[in-house]
Amino acid sequence: MTQPPLERAHIGIIGAGQLGQMIALAGLALGHEFTFLDPSHRPPAARLGRHIQAEFDDQSALERLAVECDVLTFEFENVPVSALEPISRQQTLYPDTRVLRIAQDRLQEKAFLAQLGIPVAPHAAVDSLDDLQAAIAQIGLPALLKTRRLGYDGKGQVVLRHPTDAPAAWDAVQSQPCVLEAFVPFSREVSLIAVRSRVGEQSFYPLGQNRHAQGILHRTDVPTNDPAQPQAEDYARRVLTALDYVGVLAIEFFEVDGQLMANEMAPRVHNSGHWTQNGAATSQFENHVRAILGWPLGSTERTRASVMLNLIGRLPDARPLLALPGTHWHDYGKEPRSGRKLGHLNITSANEADCRAVAARAEALIFGNPGSAV
Ligand code: AMP
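Calculation rules
- Chains are numbered independently. Their residues run from 1 in the order of the written sequence.
- Only residues with pLDDT of 70 or above have their local features reported here, since the model is predicted, and side-chain atom pairs are shown and tallied only from 80 upward, although totals for entire chains, interfaces and linings are computed over all residues.
- Here the side-chain values reflect all heavy atoms present in the structure, with hydrogen atoms and water set aside.
- Here a salt bridge means any side-chain nitrogen of Lys or Arg lying within 4 Å of a carboxyl oxygen belonging to Asp or Glu.
- Only DSSP runs of H or I with at least four residues qualify as helices, and only runs of E with at least two residues qualify as strands; both kinds are numbered from the N terminus onward.
- Three exposure classes are used, based on accessible area relative to the maximum for each residue type with a 1.4 Å probe and protein chains only: buried under 20%, partly exposed in between, and exposed over 50%.
- Between N or O atoms, a polar contact is any pair within 3.5 Å; within protein, one atom must be a potential hydrogen donor and the other a potential acceptor, and residues adjacent in sequence are included only when both atoms are from side chains.
- A contact between two residues is defined here by any heavy atoms of the two lying within 4.5 Å.
- Nearness here has a simple test: a residue counts as near a molecule or strand if at least one of its heavy atoms is within 4 Å of that partner.
- Using a 1.4 Å probe, the Shrake-Rupley method yields the accessible areas, and only the shown protein chains count as cover for residues.
- Polarity classes work like this: nonpolar for Ala, Val, Leu, Ile, Met, Phe, Trp, Tyr, Cys and Pro, charged for Asp, Glu, Lys and Arg, and polar for all others, with Gly in that last group.
- Two strands pair if DSSP finds at least two bridges between them.
- Helix axes use the C-alpha atoms of the stretch in contact, all axes being lines fitted to C-alpha atoms, and the angles between their N-to-C directions lie in the range 0 to 180 degrees.

A. How the structure looks around the pattern of salt bridges. Following the criterion strictly, the structure yields 18 salt bridges and no others. Glutamate 255 is the salt-bridge partner of arginine 188, the closest N and O atoms lying 2.9 Å from each other. Of the two residues, arginine 188 sits in strand S9 (residues 188-196) while glutamate 255 sits in strand S13 (residues 247-256), which places them 67 residues apart along the sequence. The burial state of arginine 188 is the same as that of glutamate 255; both residues are buried. The closest approach of N and O atoms between glutamate 286 and arginine 290, which form a salt bridge, is 2.7 Å.

Set out below in structure tokens:
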């Protein structure tokens, strides 16, 4: 539904982690104010606005957020839709609950993408050990068993290599509804950050090329003139239009024989778009704010060669990294914990070769320091 644009707004964000923090950093500069709903004590974004400390399904807290704010959004897509539906009738929520419903369930998401003609990995629904055995016979091995709900950063996933792995895999996912997905022999992983505003304007950032370790994003490069860009934009356009989508949307793809296959979509700002803070004309965070308010979108052009390195588990010393040319330090203010995203380093340069050379030196500093990245 298209509504009149708002001036200087009070924006409510469900979730107050680093994504909420970076949306607020961009939005404060535009003159907006923020209230966050998050169950944690002193979450990262709470430093930038009012914090309602409550569970994500706390109806009265959600109502308070809806009453106090002019528009609502989220940084975390695993919020129970049943809790958001009542408040979305009372206050504008972008992206909407229909989008959330699809993005929260891997099976629904794959069906939705496939119905738009977007290739996805061969897969089958698994609700029992018998289903799993039948799915293995249908799809073959190796394959990944993924929980339909609440999976992120490789969590809730088990690799199966042999039919005898089935009972242990089914135990490992604690008998939750799953999909079995064929193991895709991809040549690379890329993601597209797309944005569509409430007045229907849309724009796409250059593809990010992603490297994961243990299912967690470690590094994003931003190639110039990526040959996969037109296909990624075509697929993203289909999704944005089908959902009458408002806000930033990320779609992760595998590339196989030069063709894209969608892995998953995230209805929010995304880790693989963090490079846009320093390497694009307008960051994904600012464009998300502009989009949900119906403001004109900013240019998504890449202005500098860019690499993003995630800082995971423990923060390295910032000083030697910041002494490298073109580096930008982003610290989320979180307590260290193994496997936890604590910050990222953006590296920008006027040319590709210099950018990659600095990234190599930065990686040596980050990973060469024992325990600095897990
Ligand atoms: P996901 O949580 O689905 O994004 O998976 C995390 C990472 O696991 C992906 O970025 C891939 O590196 C890997 N992965 C997930 N699904 C597959 C698959 N079907 N085939 C090969 N690798 C996969």
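B. Broad picture of the side chain of threonine 147. Note that threonine 147 resides in strand S6 (residues 143-147). Among the polar contacts listed, one links the side chain of threonine 147 to the backbone oxygen of arginine 149, at a separation of 3.0 Å. Ignoring anything within four residues of it in the chain, the contact list for threonine 147 reads Arg106, Gly156, Val173, Gln176, Pro177 and Cys178.

C. Looking closely at the site of the ligand. In the vicinity of the ligand, 16 residues are found, and the nearest of them are Lys146, Gln157, Val184, Glu189 and Glu264. For the ligand, an oxygen atom lies 3.1 Å from a polar atom in the side chain of arginine 106. Alanine 182 is positioned with one of its backbone polar atoms (N or O) 3.0 Å from a nitrogen atom of the ligand. In the complex, 93% of the free accessible area of the ligand, which totals 470 Å², lies under the protein chains. Of the residues in the shell around the ligand, the class split is 6 nonpolar, 5 polar and 5 charged.

D. Looking closely at the sheet that holds S6. Taking strand neighbours across the sheet as the criterion, the 4 strands line up as S5-S8-S6-S7 in an open arrangement whose pairing is antiparallel. Each edge of the sheet is formed by a strand with only one pairing partner; in this case those strands are strand S5 (123-126) and strand S7 (157-160). Between one strand and the next, the sheet's axes are offset by a mean angle of 25 degrees, whatever the strand orientation. In the sheet, S5 pairs with strand S8 (residues 178-182) via 4 bridges, with the strands oriented antiparallel. Paired with histidine 123 across the strands is glutamate 181, a residue of S8. The sheet strands contacting helix H6 (residues 129-139) are S5, S6, S7 and S8, and the helix crosses S5 at an angle near 170 degrees.

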